[in-house]
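# Fold and contact review
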Amino acid sequence: MVIAHKGDTFDSRSVPTHWAGIRFTEANGHALCRHKYHLVSGADHGCVNQFVPLMPDALREHMDTYLQHLFAVATDPLDEVRKRVCQALVMLLEVQLEKLTPHMDNVVRYMLMATTDPDEQVALEACEFWSAICETRVAKEALGNFLPEVVPVLLKGMVYSEEDILVLDAEDEDDEQ
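Residues numbered from 1 in each chain as written. Predicted model: local features only at pLDDT ≥ 70, side-chain atom pairs only at ≥ 80, totals over all residues. Heavy atoms only, no water.

In the predicted model, the protein carries a mean pLDDT of 77, and 73% of its residues have values of at least 70. The element-level mean pLDDT for the protein is lowest in helix 1 (residues 2-6), coming to 44, with helix 9 (residues 104-115) highest at 96. Of the regions scoring below 50 in pLDDT, residues 1-25 engages in 43 contacts with residues more than four places distant in sequence or in other chains. The low-confidence segment residues 27-39, where pLDDT is below 50, has 18 contacts with residues more than four positions distant or belonging to other chains. (pLDDT = per-residue confidence, 0-100. Helix = DSSP H or I, 4+ residues; strand = E, 2+ residues; numbered from the N terminus. Contact = heavy atoms within 4.5 Å.)

This is the structure in structure tokens:
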């Protein structure tokens, strides 16, 4: 697909991004859509995710619908779909924070669940959310009530190799001296 490979060459008002943004948003929400995996993930990249950083006018105009469909596939049985949902939510923090803010409690709950996903790639993508949200102006408000849940989940997910532990121990000893 041209847009998946050359999506960065289209601007937010170009005909391809306007048309595709509308079509992907409409098709993604169709209950019988057999291609939802490709709409969310594409062949090599997330098709719809390709548009998020560009934020074409069509996607901006249909953002509420896009969010509804994104939330609808958030618990999809396909790992790749859940991974792409996490990626989309992280990108939306950067380009459409004001649209995501009213849904932030649900987004945080979803990311807590995704951070503990059995699929390692989904969990890794979800972890990107925590550093991304900390860079926003809504971090304190969005995470404040969830800290008792977030901290244990993040700590449990911290995995260090034996080599990492040795390096950390050596750094601690250097700091003490």
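Turning our eyes to something else, we now look at the nonpolar core. In terms of nonpolar packing, the biggest core is built from 39 residues, with Leu 89, Leu 92, Met 104, Met 111 and Phe 129 touching the most fellow members. Residue contributions to this core peak at 8 residues, all from helix 7 (residues 79-95). (Core = buried A, V, L, I, M, F, W, Y, C linked by side-chain atoms within 4.5 Å. Buried < 20%, exposed > 50% of the residue type's maximum accessible area, 1.4 Å probe, protein only.)

Our next topic: a nonpolar patch on the surface. On the surface, Leu 147, Val 151, Leu 155, Met 158, Tyr 160, Ile 165 and Leu 168 cluster together to form a nonpolar patch covering roughly 620 Å² of accessible area. Contributing elements (two or more residues each) for the nonpolar patch: helix 12 (147-157) and helix 13 (162-176). Per element, the largest residue contribution to the nonpolar patch is 3 residues, and it comes from helix 12. Relative accessible area serves as the criterion here: at 44%, Met 158 is assigned to the partly exposed category. (Patch = residues over 30% accessible without salt bridge, like charges linked within 9 Å, V, L, I, M, F, W, Y side chains within 5 Å. Areas by Shrake-Rupley, 256 points an atom, 1.4 Å probe, with all protein chains shown as cover. Salt bridge = Lys/Arg side-chain N within 4 Å of Asp/Glu carboxyl O.)

To continue, consider a negative patch on the surface. The grouping of Asp 169, Glu 171, Asp 172, Glu 173, Asp 174, Asp 175 and Glu 176 at the surface amounts to a negative patch. Exposure remark for Asp 169: the relative accessible area of 38% places this residue in the partly exposed category. (Lys, Arg positive; Asp, Glu negative; His and termini not counted. Charge placed at Lys NZ, Arg CZ, Asp CG, Glu CD.)

The subject of this paragraph is the layout of surface pockets. Left-over empty space is what a probe sized like a water molecule reveals as it rolls over the atoms. Estimated volume of the largest pocket: approximately 290 Å³. What lines the largest pocket is Thr 115, Thr 116, Glu 120, Ala 123, Leu 124, Cys 127, Val 153, Leu 154, Lys 156, Gly 157, Met 158 and Val 159. Of all the secondary-structure elements, those providing two or more residues to the lining of the largest pocket are helix 10 (120-134) and helix 12. Residue composition of the lining of the largest pocket, by class: 7 nonpolar, 3 polar and 2 charged. (1 Å grid on protein atoms, 1.4 Å probe; cavity = no way out; pocket = protein on both sides within 12 Å on 5 of 7 lines; lining within 4 Å. Points joined across faces, edges and corners; volume = space filled by probe spheres on them. Nonpolar A, V, L, I, M, F, W, Y, C, P; charged D, E, K, R; others polar.)

The next subject is the state of the cysteines. Applying the stated rule across the entire model yields 0 disulfides. Summary of cysteine pairing: Cys 86 is not part of a disulfide, and the nearest cysteine sulfur, belonging to Cys 127, is at 9.2 Å. Given a relative accessible area of 0%, Cys 86 falls into the buried group. (Disulfide = S-S within 2.5 Å.)

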